[in-house]
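# A structural walkthrough
As a plain string of letters, each chain reads:
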Amino acid sequence: MSSIMPVFNDFPEEGMIIGRLLAGYGELEFDLCMCVAMAYGDFDKVLKAMFLFRGESKRITEGSNIGEPIFERFGLGQMFRSAIADMHQCRKIRNQFAHCNWHDDYSGKISFVVLEEIAKNSEPAELSNLSMRHIDTVLLAEQEAYFKYVSRCLTYLNFEGQKLTGKIHSHPWTIPEKQQRPQLHL
């Protein structure tokens, strides 16, 4: 099979997980939007504040700025701040894959380089100065599980916020068990 990313022909399982992380990250942004909007009580205002401009970090920051005072009043401020910090980790994972070049260095693991690394250096650009980063299916599965954990945290906060504002009387969600942040790469 011909591909613009031929390295994924040799690493198909890694490619599928990376694809899910890249495509799924937007769902986390929407989870954050819904979490904040339901607590704030104005979906239109929160959606427009978060999505008017491009930039993942801006969206998280805007959602945090609107949501933190509300969740603090609910007694869930620490959990909300933790979810925001975890969301930033998901952003870092997503961005490293969205802004890299893939390579098979014959180590048995898929590798990638970040060209920005040598572009920011004042020395003349040399490909030999790039840091080769490796990942494997175990790490990628941990990263995907972490994305799901962050989604569950935001969903819990969404429904708990609705309950505390009287919009609903109960919900089936429980506080997710804290999950350790995965590494960005091996």
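## Side note on the overall build of the protein
- Regarding its fold elements, the protein presents seven helices and three strands.
- Here the protein holds 186 residues, and the buried ones make up 44% of them.
- Looking at the protein alone, contacts between residues at least 24 apart form 66% of all its contacts between residues at least 6 apart.
- Considering the protein, the positive charge centre built from 20 side chains and the negative charge centre built from 24 side chains are found 8 Å apart.

## Observations concerning the sheet that holds strand E3 (residues 133–135)
- In space, the three strands of this open sheet follow the order E1-E2-E3, with antiparallel pairing throughout. Looking along the sheet, the strands with just one partner apiece sit at the ends: strand E1 (101–104) and E3. Pairs of neighbouring strands in the sheet enclose a mean axial angle of 40°, with direction left out of account.

## What to know about the environment of Leu115
- One can find Leu115 in the loop between strand E2 (110–113) and helix H6 (116–119).
- Considered as a pair, Leu115 and Lys58 are 57 residues apart in the sequence and their alpha carbons are 23 Å apart.

## Comments concerning the nonpolar core
- Counting residues in each nonpolar core, the largest one holds 45 residues, and the members touching the most others are Leu32, Phe80, Phe97, Trp102, Ile135, Val150 and Leu157.
- When contributions to this core are tallied by element, the ones reaching two or more residues are helix H1 (7–10), helix H2 (12–40), helix H3 (43–51), helix H4 (56–73), helix H5 (77–98), E2 and helix H7 (137–164).
- Considering each element in turn, this core owes the most residues, eleven residues, to H2.
- Once you skip the residues sitting within four places of it in the chain, Leu32 turns out to touch Met50, Arg59, Ile60, Phe80, Ile84 and Leu154.

## As for the state of the cysteines
- The final tally for this structure, using the stated rule, is zero disulfides.
- Note on Cys33: no disulfide assigned, nearest cysteine sulfur contributed by Cys35 at a separation of 9.7 Å.
- Unpaired in this structure, Cys100 has its nearest cysteine sulfur neighbour in Cys90, at a distance of 17 Å.

## Things to note about the packing of H2 against H4
- Across the interface, H2 lies against H4 with an axial gap of 9 Å and an inter-helix angle of 25°. Between H2 and H4, the interaxial angle falls into the category roughly parallel. Every pair of crossing elements has a handedness; the one defined by H2 and H4 is left-handed. Of the residues in H4, those touching H2 at Tyr25, Glu29, Leu32, Cys35, Val36, Ala39 and Tyr40 are Glu56, Arg59, Ile60, Gly63, Ile66, Gly67, Ile70 and Phe71.

## Observations concerning the pairing of E1
- Of the two faces of E1, only the one carrying Trp102 and Asp104 is buried; Asn101 and His103 on the other face are not.
- The loop that links E1 with its antiparallel partner E2 comprises five residues; one of these, Tyr106, has a positive phi angle of about 65°.

## Comments concerning the packing of H5 against H7
- Relative to each other, H5 and H7 sit at 145°, their axes nearing to 10 Å. Between H5 and H7 lies a crossing whose hand is left-handed. From H5, Met79, Phe80, Ala83, Asp86, Met87, Gln89, Cys90, Ile93, Arg94, Gln96 and Phe97 reach across to H7, where they touch Leu140, Gln143, Tyr146, Phe147, Tyr149, Val150, Cys153, Leu154, Tyr156 and Leu157.
- Across the contact of H5 with H7, the residue classes break down as 16 nonpolar, three polar and two charged.

## With respect to the pairing of E2
- Across the two faces of E2 the burial is the same, with Ile110 and Phe112 and Ser111 and Val113 all buried.
- Taken together, the four bridges between E1 and E2 define a ladder with antiparallel strand orientation. Its bridge partner being in E2, Asn101 is matched across the sheet by Val113.
- Inspection of the sheet shows E2 paired to E3 by three bridges, in the antiparallel sense. What sits directly across from Ser111, in E3, is His134.

Calculation notes
Position labels on residues start from 1 in each chain and follow its written sequence. Only residues with pLDDT of 70 or above have their local features reported here, since the model is predicted, and side-chain atom pairs are shown and tallied only from 80 upward, although totals for entire chains, interfaces and linings are computed over all residues. Values shown for side chains rest on all heavy atoms present in the structure; no hydrogens or waters enter the calculation. Working definition: helices are DSSP H or I runs of at least four residues, strands are E runs of at least two. Numbering for both runs from the N terminus. Only protein chains enter the accessibility calculation, which uses a 1.4 Å probe; a residue is then buried when its area is under 20% of its type maximum, exposed when over 50%, and partly exposed in between. By the convention used here, residues are in contact when the closest approach between their heavy atoms is within 4.5 Å. Asp and Glu are treated as the negative residues and Lys and Arg as the positive ones, with His and the ends of the chain left uncounted. A charged residue contributes its charge at one atom only: NZ of Lys, CZ of Arg, CG of Asp or CD of Glu. For two strands to be treated as a pair, DSSP must find at least two bridges joining them. Axis definition: a line fitted to C-alpha atoms, limited for helices to the stretch in contact. Angles are taken between N-to-C directions and run from 0 to 180 degrees. What we call a nonpolar core is a set of buried Ala, Val, Leu, Ile, Met, Phe, Trp, Tyr and Cys residues that are connected through their side-chain atoms within 4.5 Å. Throughout, disulfides are identified as pairs of cysteine sulfur atoms within 2.5 Å of each other. When an angle is under 35 degrees it counts as roughly parallel; over 145 it counts as roughly antiparallel; between 65 and 115 it counts as roughly perpendicular; any other value is oblique. Crossing chirality is assigned from the near helix's rotation relative to the far helix, an anticlockwise turn below a right angle marking it left-handed and a clockwise turn marking it right-handed. Amino acid classes used here: Ala, Val, Leu, Ile, Met, Phe, Trp, Tyr, Cys and Pro are nonpolar; Asp, Glu, Lys and Arg are charged; the rest, including Gly, are polar.

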